Amino acid sequence: MDLLPYDPGPLPSRSAPLAGESIAFRVDGLPPYKDVSESIRNVEHPRYDSFVALRTAAVAAMAGRAWYFGPIGLDLTIYASKLHANRSLVDYVGGVMDTLDGSSGITFTYLPIVFEDDCQVCAGQNGFVESVDEYYEIRVAFLGDSPV
C-alpha cells in the first residue's frame, strides 16, 4: 500500500561517510535544474523524473550510509549535445544540490540523501562536454574541517 504519492527516501542503515571519503556515479539524461517558478521536488514538475533518477542513483552510491554533516565538495560534468533552453551550468548545479539534500514544502518532505543542506557545498567544479550521448557524472567529496 502506497501511503505517499512520492518516495521520501530511505532511512540510513549505516553510519555517515568519514571525512576524506568520496562517492562518484553516473546518471543517464540531463540533471534536474533549479527552477525558481516551480520546485523540481514537486511531482507535477515536468522534469520531476530527472529528480527521481538522481535521487535513486545517489541512494545506491551512498549504499545505506547516513547523510554527511560536514563540508562537501561537489563536481558535476554534463555530457550532451546541448543544455535545455535558457539553462546554464549553475542552474543544473543548483538542481543537483536541491536533489541530494533534504527538503520539505507544502506538498512534499524528502529525507537527505548525501548531505543535510546545500549550504554545506563549499567547493567543486562543473563542466559541459559536447557529446552525442546524454548523461552526467557526479563526484562528492566528504571534506574535513578544511574545505580545500
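Our subject in this report is the structure included herewith. Values in this document were obtained by computation on a predicted structure and should not be read as measured data.

### Regarding the layout of surface pockets
- For the largest pocket, the calculated volume is near 170 Å³.
- Forming the boundary of the largest pocket are Tyr6, Asp7, Gly9, Pro10, Tyr48, Phe51, Val52, Arg55, Thr56, Val59, Tyr110 and Ile113.
- Take the lining of the largest pocket: its biggest share by element is six residues, from helix α1 (residues 48–62).

### Observations regarding the packing of aromatic side chains
- Using the criterion set out here, one finds seven aromatic pairs in the structure.
- Seen in terms of ring centroids, Tyr79 and Tyr135 are 4.5 Å apart; in terms of plane orientation they differ by 10°. Their pairing is stacked. With Tyr79 in strand β2 (residues 72–80) and Tyr135 in strand β7 (residues 135–142), this pair connects stretches of sequence that are 56 residues apart. Here the two residues Tyr79 and Tyr135 agree in accessibility, since each one is buried.
- Ring centres of Phe108 and Tyr110 lie 5.7 Å apart, and the angle between their planes is 40°; on these two criteria the pair is classed as tilted. Taken as a pair, Phe108 and Tyr110 share a single burial class, namely buried.
- Here a set of aromatic residues connected by ring pairs shows up, and it is made of Tyr6, Tyr48, Phe51, Phe108 and Tyr110.
- Positioned above the aromatic ring of Tyr135 is the side chain of Arg26, whose terminal nitrogen or guanidinium carbon lies 3.6 Å from the ring centre.

Rules behind the numbers
Residue positions within a chain follow its written sequence, with the count starting from 1. Owing to the predicted nature of the model, reporting of local features is limited to residues with pLDDT of at least 70; listing and counting of side-chain atom pairs is limited to 80 or more, with chain, interface and lining totals taken over all residues. Side-chain calculation: all heavy atoms of the structure are included, whereas hydrogens and water are not. Of the two site types, the cavity is a set of points on a 1 Å grid over the protein atoms alone where a 1.4 Å probe fits but cannot get out, and the pocket is an open set with protein on both sides within 12 Å along at least five of seven lines, each lined by residues with an atom within 4 Å of a point. Grid points are joined across faces, edges and corners, and a volume is the space filled by probe spheres set on the points. In DSSP terms, a helix is any run of H or I states spanning at least four residues, a strand is any run of E spanning at least two, and both are numbered starting from the N terminus. Any Phe, Tyr or Trp ring, taking Trp's six-membered ring, that has another such ring centre within 6.5 Å forms a pair; planes under 30 degrees apart are called stacked, those over 60 apart edge-to-face, and the others tilted. Think of it in three bands: residues with accessible area under 20% of the maximum for their type are buried, residues over 50% are exposed, and the middle band is partly exposed, with areas taken using a 1.4 Å probe on protein chains only. Criterion for a charge above a ring: Lys NZ or Arg CZ within 6 Å of the ring centre, and within 35 degrees of the ring normal.

Any functional reading would require information beyond the geometric quantities listed.
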